[in-house]
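Chain by chain, the residues:
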Amino acid sequence: MEDKIILTIGRQFGSGGREIGKRLAKDLGIGYYDKELISMAARESGLCEDVFARADERASSGLSYAFTMGYSSFMGGIFTPYNDILSNDGLFKIQSDAIRKLASEESCVLVGRCADYILRDDPACLSFFIHSSEECRIRMIVERQGVTVEEAKTLMEKTDKSRAAYYNYYTNKTWGMASSYNLSIDVSVLGLDETVEYMKDFIARKRNQRPPHFG
């Protein structure tokens with residue numbers, strides 16, 4: 001597809017990265033995939049979604065298994081303990097294959113899950129990292145999660161630590177470091193709306209064209 005465009009978005013928790021991804025997808029007329037990637041990986045592999053959800057963007061510890069002893073799920077008519085057959089690394093491989101397959105078929109926005117690294121050799125791919133000031137992030141978390149300021153801080157730190165460990169382990173790069181992405185943006189400088197417009201302009205300039213739709 002001549003006009004195919006793949007946008008990957010890494011993000012700090014509470015930075016608005018997911019909302020930005022949705023707006024970009026809507027404005028550009030392309031697909032948006034976040035948790036949907038879990039469903040896709042499940043369909044491709046024949047495993048239940050909960051298997052992927054439990055390991056989603058959580059750090060792997062080498063070859064340690066993804067699930068605690070005794071956890072099981074239904075596959076092929078037989079209840080099978082996944083700790084016996086699948087590691088986090090195996091689940092990452094399945095999800096990576098699903099991401100590559102999707103990117104080969106359509107233009108889309110992909111949020112998280114090391115998509116920038118998985119698609120690093122795809123010329124249609126542009127990678128972004130969305131971050132924001134601690135004050136703005138805490139305010140957004142409090143508003144959207146209905147938690148206290150202290151709870152928001154704890155949730156923010158815990159989630160970012162988990163995402164960083166997951167990304168660093170599977171990519172051998174550094175989560176959030178500007179050099180790991182095509183563009184790193186502080187949303188607190190321009191706000192959500194203007195950040196989306198800035199990113200759309202960046203995308204158009206990169207492609208040396210101005211049309212707002214990439215079907």
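A quick note: this is a predicted structure, and the numbers were derived from the prediction, not measured. (Residues numbered from 1 in each chain as written. Predicted model: local features only at pLDDT ≥ 70, side-chain atom pairs only at ≥ 80, totals over all residues. Heavy atoms only, no water.)

## Structural notes on the layout of surface pockets
When its volume is computed, the second largest pocket comes out at roughly 260 Å³. Phe13, Gly14, Arg18, Met140 and Arg144 are, among the 15 residues lining the second largest pocket, the residues nearest its centre. Every element with two or more residues in the lining of the second largest pocket is listed here: α1 (17-28) and α6 (134-145). Split into classes, the residues belonging to the lining of the second largest pocket amount to three nonpolar, six polar and six charged. (1 Å grid on protein atoms, 1.4 Å probe; cavity = no way out; pocket = protein on both sides within 12 Å on 5 of 7 lines; lining within 4 Å. Points joined across faces, edges and corners; volume = space filled by probe spheres on them. Helix = DSSP H or I, 4+ residues; strand = E, 2+ residues; numbered from the N terminus. Nonpolar A, V, L, I, M, F, W, Y, C, P; charged D, E, K, R; others polar.)

## Structural notes on the confidence of the model for the protein chain
Of the residues in the protein chain, 75% have a pLDDT of 70 or more, and the chain-wide mean is 82. Note that pLDDT drops below 50 for residues 60-85; the model gives that stretch 54 contacts with residues more than four away or on any other chain. (pLDDT = per-residue confidence, 0-100. Contact = heavy atoms within 4.5 Å.)

## Quick look at the sheet that holds strand β2 (residues 31-33)
Read from one edge to the other, the open sheet built from five strands follows the order β2-β5-β1-β6-β7, with strand pairing classed as parallel. The open sheet has two edge strands with one neighbour each: β2 and β7 (183-186). On average, each strand axis in the sheet is inclined to that of its neighbour by 20°, with strand direction left out of account. Looking at chain direction, β2 and strand β5 (residues 108-111) are connected through three bridges and run parallel. Counted as the bridge partner of Gly31 is Cys108 from β5. (Pairing = 2+ DSSP bridges. Axes fitted to C-alpha atoms, helices over the stretch in contact; angles between N-to-C directions.)

## Some remarks on the packing of α6 against helix α7 (residues 149-171)
It is the contact of α6 with α7, at a shortest axis distance of 9 Å, that shows an interaxial angle of 110°. Judged by the inter-axis angle, α6 sits roughly perpendicular to α7. Residues Glu134, Arg137, Ile138, Ile141, Val142 and Gln145 of α6 touch α7, and the partners they reach there are Val149, Ala152, Lys153, Leu155, Met156 and Asp160. A breakdown of the residues in the contact of α6 with α7 according to their chemical character gives seven nonpolar, one polar and four charged. (Parallel < 35°, antiparallel > 145°, perpendicular 65-115°, else oblique.)

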